[in-house]
Amino acid sequence: MTAEHTDGRSILIAGGGIGGLSAALGLARAGFAVTVLEKAAALGEIGAGIQLGPNAFHAFDRLGVGPAARAMAVYIDQLRLMDAITGEDITTIDLGDAFRARFGNPYAVVHRGDLHGVLLQACREQPRIALRVSSQVAGYEQDGAHVTALLASGEHVHGAALIGADGLWSAVRRQVVGDGPPRVSGHTTYRSVIPTEQMPEDLRWNAATLWAGPKCHIVHYPLSGWKVFNLVVTYHNDAPEPVAGKPVAMDEVMKGFEHINERARKIIRHGSDWKLWVLCDREPVPNWVDGRVALLGDAAHPMLQYMAQGACIAMEDAVCLAAEMGERKDDIEAALKRYLAKRVLRATRVQLQSRAIGEHIYHPAGNHAVLRNAIMRAKNSADWYETLAWLYGAETAF
Ligand SMILES: Cc1cc2nc3c(=O)[nH]c(=O)nc-3n(C[C@H](O)[C@H](O)[C@H](O)COP(=O)(O)OP(=O)(O)OC[C@H]3O[C@@H](n4cnc5c(N)ncnc54)[C@H](O)[C@@H]3O)c2cc1C
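Cut-off values and rules
- Counting restarts for each chain, with residues numbered from 1 along the sequence as it is written.
- A pLDDT threshold of at least 70 governs which residues receive local features in this predicted model, and a stricter bar of 80 or more applies before side-chain atom pairs are shown or counted, although totals over entire chains, interfaces and linings include all residues.
- Computation of side-chain values covers all heavy atoms of the structure but excludes hydrogens and water.
- In the sections that follow, a salt bridge refers to a side-chain nitrogen of Lys or Arg positioned within 4 Å of a carboxyl oxygen of Asp or Glu.
- Helix and strand definitions follow DSSP, with helices as H or I runs of at least four residues and strands as E runs of at least two, each counted in order from the N terminus.
- Throughout, exposure labels follow a simple rule: accessible area from a 1.4 Å probe, protein chains only, divided by the maximum for the residue type, with under 20% read as buried, over 50% as exposed, and the rest as partly exposed.
- Here the expected length of a helix is defined as 1.5 Å per residue gap, with one fewer gap than residues.
- Read the arc as the range of directions from the helix axis to the C-beta atoms.
- Whether two residues are in contact is decided by their heavy atoms, any of which lying within 4.5 Å being enough.
- Here, nonpolar core means buried Ala, Val, Leu, Ile, Met, Phe, Trp, Tyr and Cys residues that are tied together by side-chain atoms lying within 4.5 Å of each other.
- A single heavy atom is enough: if one lies within 4 Å of a molecule or strand, its residue is considered near that molecule or strand.
- Nitrogen and oxygen atoms within 3.5 Å of one another constitute a polar contact, given that in protein one can donate a hydrogen and the other can accept it, and given that sequence-neighbouring residues count only through two side-chain atoms.
- Surface accessibility follows the Shrake-Rupley procedure with a 1.4 Å probe radius. Residue values consider only the protein chains on display as shielding.

A. Layout of the pattern of salt bridges. For the coordinates displayed, the defined rule picks out 24 salt bridges. Between Arg377 and Glu88 there is a salt bridge, and its shortest N-O distance comes to 3.5 Å. Remark: Glu88 occurs in the loop between strand E4 (78–83) and strand E5 (89–94) and Arg377 occurs in helix H12 (residues 366–377); sequence separation between them is 289 residues. Under the relative-accessibility criterion, Arg377 is labelled partly exposed at 41%. Residue classification places Glu88 among the partly exposed positions, given a relative accessible area of 42%. Put simply, Asp317 and Arg343 hold a salt bridge, and the shortest N to O gap is 2.7 Å. Linking Asp317 in helix H10 (residues 310–327) with Arg343 in helix H11 (residues 332–362), this pair joins segments that are 26 residues apart in sequence. Judged on exposure class, the residue Asp317 and its partner Arg343 are both buried.

And the structure:
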């Protein structure tokens, strides 16, 4: 570590996930020394696929990783919504030239490990960033001029500011907001990966496909240069406890999908090594900042995955934070307040809308589903671009 990292002027970041590494890159590019404090013994990402809207690509460019990020992505042609009961198409959003021209960037899917790897490599190449593993942040103290991260090991790390990018169960949030454990949604998500040759041939679409059924849905898309299909299936079974990454048998997964169309159900049978998550989010809050401490990504605004935006919004946060801090190097508290003011409503909108579309698009039954189909069928791709402009447009992202 350089002297800058140890003299108390470094910006400390709790968490080396997609949000924390993006913040590190942004802040280093704005001229700050940065120390990332990651709890785990190694930096990495679990899980397989992740969807990236054009807003993620706007962020990659501002973080200086645009070409590397573009090189690892699979560019899908469509977002496709299917009725999991009737097996019919409901609507598709075309992601081709008109979409790219409208938003200035593509829609893509990537492997989480590849995305994290691109950010990590860029951090490693940046001399202003020090990456520390096995460094769990338990809390912080501040005195108006400095912040001290209190590590679980008992070590104290001094810095000029602390960014809590430590995820859903954030220890930094516990002190900044103090709103207790996350809200358990009762939605159980099962994830698997299927080698492409085992995916039913008539469903090998170059699309992120959503089969929406009563209290359940299936999502699949090609990944890793078309070697595999990412498969994520969710059952709203009112699961009471949070769970993350527990191995689960196929028969258990199938239980939530007995009532849907055979064409959709048979996809699940091709999965293996299933793992289970019980999804959580939190109520939006207005106070992600406490003096020289700020929250970012899931620590600030954890959301259900139904807009496929948690990581995208975390990267946007990082770009905004770096811009505000870069402009106000001598007044970090004011910069953090401006960051909060710029981000909070946008993140709140995505948090609340993610819940709402879970209820009204992903999981309705009966007349509710018929109404969904009618409303969504009435829109063409150009209509969808207008609907999504607030989210995907570069002019609104930061
Ligand atoms: C099923 C599912 C599908 C999803 N699909 C998408 C999608 O398609 N598109 C999308 O944009 N988003 C998606 N998301 C959301 C996305 O995964 C998250 O929003 C994103 O990973 C959040 O990044 P983060 O860096 O804020 O938090 P995290 O990824 O949780 O990273 C937090 C990091 O902090 C570390 N840490 C935790 N506590 C401490 C501590 N006390 N001290 C130090 N380090 C600590 C952790 O080890 C971890 O490395 C999905 C989520 C789920 C569950």
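B. Summary view of H12. The first and last C-alpha atoms of H12 sit 17 Å apart over twelve residues, in line with the 16 Å expected at 1.5 Å per residue. Those residues of H12 lying buried are Ala369, Arg372, Asn373 and Met376. The arc that holds every buried residue of H12, seen down its axis, measures 95°, which confines them to one face. Opposite its buried face, H12 presents the exposed residues Asn367 and Val370, each directed more than 90 degrees away. As for H12, its buried residues are in contact with E4, E5, strand E13 (207–213), H11 and helix H13 (381–392).

C. Summary view of the nonpolar core. Counting 115 residues, the largest nonpolar core has Leu27 and Leu52 as the members making the most contacts within it. With residues near it in sequence (within four places) discarded, Leu52 still touches Phe57, Phe60, Pro106, Tyr107, Ala108, Val110, Leu115, Cys312 and Met315.

D. Structural detail: the site of the ligand. Gly19, Glu38, Gln51, Val137 and Asp298 are the nearest of the 30 residues found near the ligand. In the model, an oxygen atom of the ligand is placed 2.8 Å from a nitrogen or oxygen of the Gly19 main chain. A distance of 3.1 Å is found between a nitrogen atom of the ligand and a backbone nitrogen or oxygen belonging to Ala308. The fraction of the free accessible surface of the ligand (1000 Å²) that becomes covered by protein chains is 85%. Only helix H2 (18–29), strand E3 (49–52), strand E12 (183–195) and H10 provide two or more residues apiece to the shell around the ligand.

E. Fine view of the environment of Thr188. Along the polypeptide, Thr188 turns up in strand E12. We classify Thr188 as buried; its relative accessible area is 3%. Not counting chain neighbours up to four residues away, the residues in contact with Thr188 comprise Val233, Thr234, Tyr235, Asn237, Ala239, Leu276, Trp277 and Val278. At 2.8 Å, the side chain of Thr188 forms a polar contact with the side chain of Asn237.

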